[in-house]
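Breakdown of the fold
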Amino acid sequence: MIVEFNRDDQGKPVEEREPIKILIFSYGGSLDVALHFISVCQISKTPIYTYNLGVCASAAMLMLLAGHKRFSLPGAQCLLHEGSANFEGTADQVRQFQKEYERQLELTKAFIFSRTQISKKLYEKNKDKDWYMRDTELIELGVVDRIVDSVDELFTPTK
């Protein structure tokens, strides 16, 4: 979808492009999928606005953070944690998977720090648990730019 919108907008100045609105309500999923979604968002010239419609947990929170502008409904929550992984295979394969997973966790942390005001100290304090954040904390930590105050905003053009 993001790629199609960018193709349709090709040649238009960025300021004339209608933002892509991505509405998220998810308890998470694959870190690989989230990291690839982030990559697509980062190279998108068409602005991407992400909206937390109630729950953005784990990988879904990373996807929320990928928006060029980020919003949340009142009372919505986000969950941040280090996630989990399962490895199987030979001893060498498990070591290789573990090494790659550690690399992905470092990329994820760097992304979180670059897109929020979450400090390394605060992250380290909370990373080993399920860290739930709501409304004011989402704003204070720079996870979202604004709390949506009208459902109309979700469906109407932004211009």
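Structure first, text after, so check above.
Keep in mind that this is a model prediction, so the values were computed, not measured. (Residues numbered from 1 in each chain as written. Predicted model: local features only at pLDDT ≥ 70, side-chain atom pairs only at ≥ 80, totals over all residues. Heavy atoms only, no water.)

1. Thoughts on helix α2 (residues 31–43)
- In this model α2 runs 19 Å from its N-terminal to its C-terminal C-alpha over 13 residues, within 8% of the 18 Å that 1.5 Å per residue would give.
- Every buried residue belonging to α2 is among L31, A34, L35, F37, I38 and C41, and all of these are buried. All buried residues of α2 lie within an arc of 160° about the axis, which places them on one face of the element. When the buried face of α2 is taken as reference, the exposed residues oriented beyond 90 degrees from it are V33, H36 and I43.
- For α2, the elements touching its buried residues are α1 (2–8), β1 (20–26), β2 (48–57), α3 (59–65) and α4 (91–115).
- Its side-chain oxygen 3.2 Å from the backbone nitrogen of D32, S30 forms the N-cap of α2. (Helix = DSSP H or I, 4+ residues; strand = E, 2+ residues; numbered from the N terminus. Expected span 1.5 Å × (residues − 1). Buried < 20%, exposed > 50% of the residue type's maximum accessible area, 1.4 Å probe, protein only. Arc of directions from axis to C-beta. Contact = heavy atoms within 4.5 Å. Polar contact = N/O pair within 3.5 Å; in protein donor to acceptor, adjacent residues only side chain to side chain.)

2. Overview of the side chain of N126
- Among the structural elements, N126 can be located in helix α5 (residues 120–126).
- Look at N126 and you get buried, because its relative accessible area is 6%.
- Only 3.0 Å separates the side chain of N126 from the side chain of K129, close enough to count as a polar contact.

3. A closer look at the packing of aromatic side chains
- Within the structure shown, the criterion is met by six aromatic pairs.
- An aromatic cluster is defined as three or more aromatic residues linked by ring pairs; in this entry it consists of Y49, Y51 and F71. (Phe/Tyr/Trp six-rings, centres within 6.5 Å; stacked < 30°, edge-to-face > 60°.)

4. Thoughts on the layout of surface pockets
- Taken as a whole, the largest pocket holds about 390 Å³ of empty space.
- Lining the largest pocket are 22 residues, with G29, S30, L31, S84 and Y101 sitting closest to its centre.
- Elements that contribute at least two residues to the lining of the largest pocket include exactly α2, α3 and α4.
- If you tally residues by element for the lining of the largest pocket, the top one is α4, at seven residues.
- Of the residues belonging to the lining of the largest pocket, the class tally is ten nonpolar, nine polar and three charged. (1 Å grid on protein atoms, 1.4 Å probe; cavity = no way out; pocket = protein on both sides within 12 Å on 5 of 7 lines; lining within 4 Å. Points joined across faces, edges and corners; volume = space filled by probe spheres on them. Nonpolar A, V, L, I, M, F, W, Y, C, P; charged D, E, K, R; others polar.)

5. What about unusual backbone geometry?
- A positive phi is found at S58, a non-glycine position, where the angle reads about 55°.
- Tracing the backbone through its elements, the reader meets S58 in the loop between β2 and α3.

6. Focus: the pattern of salt bridges
- As enumerated under the stated definition, the model contains seven salt bridges in all.
- As a salt-bridge pair, K109 and E106 come within 3.3 Å of each other at their nearest N and O atoms. Here the residue K109 and the residue E106 both occupy positions in helix α4, the gap between them amounting to three residues, near one helical turn.
- Here the salt bridges share partners, and the residues they tie into one network are E82, K127 and D128. (Salt bridge = Lys/Arg side-chain N within 4 Å of Asp/Glu carboxyl O.)

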